[in-house]
Amino acid sequence: MIDLRSDTVTRPGTEMLRKMMSAPTGDDVYGDDPSVNALQEKAAALSGKQAALFFPSGTQANLAALLSHCQRGDEYIAGQQAHNYKYEAGGAAVLGSIQPQPVTACEDGTLPLDEIRQAIKPRDIHFARTRLISIENTHQGKALPLPWLKEVYDFSRQQQLALHIDGARIFNAAVATGQPLEGLSRYCDSLSICLSKGLAAPVGSLLCGSHEFIEEACRWRKMTGGGMRQAGILAAAGIYALDHNIDRLAEDHDNACWLAQQLTELGVEVESQHTNMLFIRLPESMVLPLQQWMDQHAIRISFSPRTRLVTHIETRREALQQVISAWKAFLRQLPDGSAG
């Protein structure tokens with residue numbers, strides 16, 4: 001099976017599994033798991049933050065961040081397509097009574113500062129209190145420009161707002177921009193890091209920030225059911241991922257670029273390709289037949305809501321060549337042989 005739906009489908013390799021099996025463990029709720037503690041210290045050092053906290057998932061890490069920055073009746077500003085606004089089941093509103101205020105992102109994934117400024121509520125009893133700006137890096141595969149990160153961070157200081165980065169794929173952004181993680185994370189108060197996407201750990205995300213912030217987030221992690229016991233087995237995979245799987249993300253980016261070029265040569269309309277993601281536009285009449293064809297050839301692609309292909313550690317160039325061969329065969333059997 002060749003799975004291009006997401007980089008979340010990656011599985012731990014042999015060496016990562018060996019590290020997991022031999023990991024020293026303890027009770028992490030008591031703070032006694034040495035592997036979890038080592039992972040959190042490594043993440044804090046890489047991000048340049050004072051502390052970090054290990055979570056079962058990125059959704060929970062982002063939720064704890066929002067709950068730690070905001071109180072009931074407060075508001076956070078995020079992009080209209082931001083993951084923690086659109087794809088995390090409205091957790092901040094449902095569980096925290098925190099109002100989201102979405103704004104439309106620019107083509108490059110940045111949020112216009114003028115729109116953020118207009119969205120900030122006056123200090124008045126009629127309005128939710130704006131407390132936080134939340135941004136996403138990468139956003140639909142796009143690494144946010146470093147000058148804008150500094151600009152929005154400086155803006156948040158002027159407006160006395162906190163700034164959170166949903167950094168599920170922030171290491172893709174770091175590799176794409178040639179920046180160390182600290183070069184990107186210096187422009188925020190908190191950031192989440194996912195270990196189970198391109199870094200290929202089976203489970204887990206990290207939340208990084210100040211000692212005070214992480215102490216508050218730890219309380220929310222416990223309240224939302226994220227306190228784990230002998231979690232060192234999972235943390236060991238995260239440590240391995242941070243030690244071995246960051247630089248190799250460049251291979252995923254190169255493969256996505258190659259795939260975009262090959263599809264373009266077939267006449268497929270590639271809307272965009274950034275880092276390890278590419279989006280294509282297909283005629284509506286072609287979507288279901290192509291999906292069925294790819295299923296028959298053991299190839300999985302996400303066709304909804306947009307057709308997206310994501311490269312990762314398990315989609316080496318040889319696998320992508322099989323994808324292109326299957327695509328060519330699909331086009332040949334169409335009545336006019338057209339890509340649409």
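From a predicted model like this one, the values you see are computed outputs, not experimental measurements.

Analysis parameters
- Residues numbered from 1 in each chain as written.
- Predicted model: local features only at pLDDT ≥ 70, side-chain atom pairs only at ≥ 80, totals over all residues.
- Heavy atoms only, no water.
- Disulfide = S-S within 2.5 Å.
- Pairing = 2+ DSSP bridges.
- Helix = DSSP H or I, 4+ residues; strand = E, 2+ residues; numbered from the N terminus.
- Axes fitted to C-alpha atoms, helices over the stretch in contact; angles between N-to-C directions.
- Salt bridge = Lys/Arg side-chain N within 4 Å of Asp/Glu carboxyl O.
- Buried < 20%, exposed > 50% of the residue type's maximum accessible area, 1.4 Å probe, protein only.
- UniProt positions renumbered as here; feature names shortened; annotations may be inferred.
- Core = buried A, V, L, I, M, F, W, Y, C linked by side-chain atoms within 4.5 Å.
- Lys, Arg positive; Asp, Glu negative; His and termini not counted.
- Polar contact = N/O pair within 3.5 Å; in protein donor to acceptor, adjacent residues only side chain to side chain.
- Contact = heavy atoms within 4.5 Å.

1. Notes on the state of the cysteines
Next, step 1: All chains considered together, the criterion is met by zero disulfides.
Next, step 2: In this model Cys188 remains outside any disulfide bridge; the closest cysteine sulfur is found in Cys208, 8.4 Å from its own.

2. Details of the sheet that holds strand E2 (residues 51-55)
Next, step 1: The strand order across the open sheet built from seven strands is E2-E8-E7-E6-E5-E3-E4, with neighbouring strands paired in mixed fashion. Of all the strands in the sheet, just E2 and strand E4 (99-103) have a single pairing partner and so form its edges. Averaged over all pairs of adjacent strands, the angle between strand axes in this sheet comes to 20°, irrespective of strand direction.
Next, step 2: Sheet topology places E2 next to strand E8 (residues 205-209); five bridges connect them, and they run antiparallel.

3. Details of the pattern of salt bridges
Side-chain pairing between opposite charges can occur once the charged atoms of the two side chains come close.
Next, step 1: This model, assessed by the stated rule, comprises 19 salt bridges.
Next, step 2: Measuring nitrogen to oxygen at the nearest pair gives 3.3 Å for the salt bridge that ties Glu269 to Arg281. With Glu269 in strand E9 (residues 269-274) and Arg281 in strand E10 (residues 277-281), this residue pair connects regions lying twelve residues apart in the sequence.
Next, step 3: Judged by its relative accessible area of 43%, Glu269 falls in the partly exposed class.
Next, step 4: Exposure remark for Arg281: the relative accessible area of 46% places this residue in the partly exposed category.

4. Some thoughts on the UniProt feature "domain: Aromatic amino acid beta-eliminating lyase/threonine aldolase" (unreviewed entry) in the chain
Next, step 1: The UniProt record annotates "domain: Aromatic amino acid beta-eliminating lyase/threonine aldolase" (unreviewed entry) at residues 3-281.
Next, step 2: End-to-end, the C-alpha atoms of residues 3-281 are 19 Å apart, and along that stretch the chain is 43% helix and 19% strand.

5. Quick look at the nonpolar core
Next, step 1: Judged by nonpolar contacts, the single largest core of 51 residues is most densely connected at Phe54, Ile116, Ile135 and Phe171.
Next, step 2: The dominant element in this core, judged by the number of residues it contributes, is helix H11 (residues 232-244), at six residues.
Next, step 3: Core analysis: the second largest hydrophobic core is formed by 29 residues, Ala256, Leu259, Leu263 and Val268 among them.

6. Structural notes on the side chain of Asp166
Next, step 1: Secondary-structure assignment places Asp166 in strand E6 (residues 162-167).
Next, step 2: For the buried Asp166, no salt bridge exists, and the shortest N-O distance to an oppositely charged side chain is 6.8 Å, to Lys197.
Next, step 3: Among the polar contacts made by the side chain of Asp166, one reaches the main-chain amide nitrogen of Ala168 at a distance of 3.3 Å.
Next, step 4: Residue contacts for Asp166: discarding those within four places in its chain leaves Asn62, His83, Asn84, Glu88, Ile135, Glu136, Asn137 and Ser192.

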